[in-house]
Amino acid sequence: MSQAVYLDYAATTPVDPRVVAAMVRHLDAEGTFANPASRSHMYGWLAEEAVETARRQVAEVLNADAREIVWTSGATEANNLAIKGVIEQRGGGHIITSETEHKAVLDPCGWLERQGLASVTWLKPAVDGRIDPADVSAALREDTVLVSIMHANNETGVINDIAAIGALCREHGVLFHTDAAQSVGKLPLDVRELPVDLVSLCAHKNYGPKGIGALYVRRHPDVRVASQIHGGGHERNMRSGTLATHQIVGMGEALALAAGQRDDEQARIAGLRDRLWGALSGLPDVQLNGAAAPRLAGHLNVGFAGVDGEMLLTAMSEVAVSTGSACTSASLEPSYVLKAMGVADALAHSSVRFSVGRFTTEADIDRAAQNVTDAVTRLRAALKNRA
Ligand SMILES: *Cc1c(COP(=O)(O)O)cnc(C)c1O
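Residues numbered from 1 in each chain as written. Predicted model: local features only at pLDDT ≥ 70, side-chain atom pairs only at ≥ 80, totals over all residues. Heavy atoms only, no water.

Colleague: For this particular structure, what's the right way to read the overall build of the protein chain?
Modeller: When its secondary structure is counted, the protein chain shows 12 helices and 12 strands. Taking 2.2 N^0.38 as the reference for a compact globule, 387 residues should give roughly 21 Å; the C-alpha atoms of the protein chain span a radius of gyration of 22 Å, in line with that estimate. Reported as C-alpha extents along the three principal axes, the dimensions of the protein chain are approximately 75 × 55 × 35 Å. A buried classification covers 56% of the 387 residues belonging to the protein chain. In the protein chain, the share of contacts with a sequence separation of at least 24, taken over all contacts with a separation of at least 6, comes to 74%. (Helix = DSSP H or I, 4+ residues; strand = E, 2+ residues; numbered from the N terminus. Rg over C-alpha atoms; globule rule 2.2 N^0.38 Å. Buried < 20%, exposed > 50% of the residue type's maximum accessible area, 1.4 Å probe, protein only. Contact = heavy atoms within 4.5 Å.)

This is the structure we're talking about:
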């Protein structure tokens with residue numbers, strides 16, 4: 001009982017033991033350790049084969065062609081490659097994105113804007129957290145070259161209608177990028193059906209290792225992105241650098257595992273998440289952020305009115321969660337995602353993101369629910385006594 005219950009799967013997940021087993025076969029002298037770009041010996045060929053098997057595994061999850069997958073160091077780099085790569089390739093232009101994107105989309109867009117390389121329209125979500133396709137349509141201009149709208153939000157789990165947004169982009173000849181770091185392997189994402197041109201992926205939200213990701217780049221019609229990392233022309237000139245065989249093998253294995261059990265696993269996780277909400281919603285004055293929208297199975301973003309989120313995190317010592325996202329939880333600003341959705345500052349400050357995953361049990365949920373309930377009740381009682 002000493003270890004806290006881990007309910008921060010949206011920040012990162014432990015690596016699945018089956019993935020670890022595959023990865024360690026690609027590290028030492030007994031394993032497939034060679035440089036996949038070494039064409040002159042068997043060691044290199046074997047490493048290249050491992051990389052290409054993983055590329056097919058990742059492609060299969062998206063129903064893509066393996067040649068459409070470009071390895072990166074994670075979704076942050078994939079987003080940078082997609083956004084800066086398109087703008088550089090096109091020699092500038094207008095980007096449409098949203099205020100609720102991950103920093104890995106907001107910051108490259110902001111950087112391009114400040115450098116005078118692109119102009120950017122930042123869309124506000126509806127109160128349910130979703131981007132209205134009609135707002136994308138209204139923001140389209142003559143010079144719009146790229147729309148970047150995430151598939152599912154990392155803080156709330158809210159899922160955007162990327163089919164509708166992508167269809168609009170197609171109609172207007174504008175490229176559509178979506179950040180699917182949270183959703184890949186969890187939601188259906190078929191690039192033969194969906195009008196998406198660029199999709200950012202990562203392994204570590206899905207029981208794979210940190211430090212590996214990929215960008216899907218459509219081949220028909222041929223989408224071009226200018227390389228952002230130069231040095232040897234790996235990955236069909238889109239991303240140089242020696243490929244990290246063990247990381248890549250880990251990502252392929254992790255996504256194949258997730259996709260293979262997707263419906264069962266997501267149903268089980270949703271059941272646990274709903275069990276947690278069932279317990280927490282018994283408390284007075286709690287709000288489920290993004291409640292009105294379709295959401296990922298594992299996310300539960302809850303505002304506890306009158307309770308400071310940071311104090312709550314300290315008080316619930318048996319549960320490991322974040323306020324907002326892991327990337328911004330070091331700042332004392334309330335979540336910009338919740339603010340954009342119109343959640344009042346005070347309630348945004350009182351909000352906590354719980355996220356459930358593969359290794360969460362019913363006993364974990366019950367223990368966490370009890371700990372949270374006790375902490376909220378105690379903090380509210382203390383506030384009342386002070387008043
Ligand atoms: C985690 C995350 C990222 C960043 O991915 P890394 O692989 O850690 O660089 C980007 N976008 C979203 C939506 C995320 O959840």
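Past the structure itself, the notes keep going.
Colleague: Is there a simple way to think about the site of the ligand in this case?
Modeller: Around the ligand, the neighbouring residues are Gly 74, Ala 75, Thr 76, His 102, Met 150, Asn 154, Asp 179, Ala 181, Gln 182, Cys 202, His 204 and Lys 205. Lys 205 places a polar side-chain atom, nitrogen or oxygen, 2.7 Å from an oxygen atom of the ligand. Within the complex, the protein chains bury 89% of what would otherwise be the 380 Å² of accessible surface of the ligand. Per-class residue counts for the shell around the ligand are four nonpolar, six polar and two charged. (Near = heavy atom within 4 Å. Polar contact = N/O pair within 3.5 Å; in protein donor to acceptor, adjacent residues only side chain to side chain. Areas by Shrake-Rupley, 256 points an atom, 1.4 Å probe, with all protein chains shown as cover. Nonpolar A, V, L, I, M, F, W, Y, C, P; charged D, E, K, R; others polar.)

Colleague: Before we go on, may I ask you to explain the sheet that holds strand 5 (residues 144–148) in this structure?
Modeller: What links the strands of a sheet is backbone hydrogen bonding, and the strands pair in either a parallel or an antiparallel sense. With mixed pairing, the seven strands of this open sheet are ordered in space as 2-8-7-6-5-3-4. Two strands bound the open sheet, and with one partner strand each, they are strand 2 (69–72) and strand 4 (119–123). Each strand of the sheet is rotated relative to its neighbour by a mean of 20°, with strand direction disregarded. Note that strand 3 (residues 94–98) and strand 4 share five bridges and pair parallel. In the strand pairing of strand 4, Ile 96 is matched with Thr 121. Sitting on the sheet, helix 3 (residues 75–90) touches strand 2, strand 3, strand 5, strand 6 (175–179), strand 7 (198–202) and strand 8 (213–217), and the angle it makes with strand 7 is about 160°. (Pairing = 2+ DSSP bridges. Axes fitted to C-alpha atoms, helices over the stretch in contact; angles between N-to-C directions.)

Colleague: Looking at this structure, how should I read helix 7 (residues 245–260)?
Modeller: Within an α-helix, residues lying three or four positions from one another point in the same direction, as the helix has 3.6 residues per turn. Helix length check: helix 7, at 16 residues, gives a terminal C-alpha distance of 22 Å against a target of 22 Å (1.5 Å per residue), a fit within 8%. Within the span of helix 7, buried status applies to Thr 245, Gln 247, Ile 248, Val 249, Gly 250, Met 251, Gly 252, Ala 254, Leu 255, Leu 257 and Ala 258. As for helix 7, its buried residues are in contact with helix 1 (17–24), helix 2 (42–62), strand 2, strand 7, strand 8 and helix 8 (262–280). (Expected span 1.5 Å × (residues − 1).)

Colleague: Explain the pattern of salt bridges to me, please; I cannot follow it from the model alone.
Modeller: Pairing of side chains with opposite charge becomes possible as their charged atoms draw close. Applying the stated rule across the entire model yields 20 salt bridges. The partner of Asp 143 in a salt bridge is Arg 141, and the shortest N-O contact between them spans 2.9 Å. By relative accessible area, Asp 143 is classed as partly exposed at 34%. We classify Arg 141 as partly exposed; its relative accessible area is 40%. In this structure, Asp 197 engages Arg 170 in a salt bridge whose closest nitrogen and oxygen atoms are separated by 3.4 Å. Taken together, the residues Asp 197 in the loop between strand 6 and strand 7 and Arg 170 in helix 6 (residues 162–171) connect sequence positions 27 residues apart. By relative accessible area, Arg 170 is classed as partly exposed at 39%. Linked by salt bridges that have partners in common, Asp 16, Arg 18, Glu 265 and Arg 358 make up one network. (Salt bridge = Lys/Arg side-chain N within 4 Å of Asp/Glu carboxyl O.)

Colleague: Any chance you could explain the domain arrangement of the protein chain here in plain terms?
Modeller: In many analyses, interface size is given as the accessible surface area lost on bringing the parts together. Assigned domains of the protein chain: these are domain 1 (5–13 + 262–386) and domain 2 (17–260). Across the interface of domain 1 and domain 2, roughly 2900 Å² is buried in total on both sides, 56% from carbon and sulfur atoms. Between the two partners, domain 1 and domain 2, sit 16 residue pairs in polar contact (both at pLDDT 80 or more). No other element matches the four residues that helix 10 (residues 336–340) contributes to the side of domain 1 that touches domain 2. Partitioning the side of domain 1 that touches domain 2 into residue classes produces 15 nonpolar, 12 polar and four charged. (Domains from an automatic or database assignment. Buried area = accessible area lost by both parts, 1.4 Å probe.)

Colleague: What's the story with the sheet that holds strand 12 (residues 351–355) in this structure? I'm lost.
Modeller: One open sheet accounts for three strands, arranged 9-10-12; its pairing is antiparallel. Two strands bound the open sheet, and with one partner strand each, they are strand 9 (286–288) and strand 12. Shown here is a sheet whose adjacent strand axes are inclined to one another by a mean of 25°, direction ignored. Bridging between strand 9 and strand 10 (residues 299–304) involves three bridges; their strand directions are antiparallel. By the bridge assignment, Leu 288 is partnered in strand 10 with Val 302. Contacts from helix 8 reach strand 9, strand 10 and strand 12, with the element oriented near 15° to strand 10.

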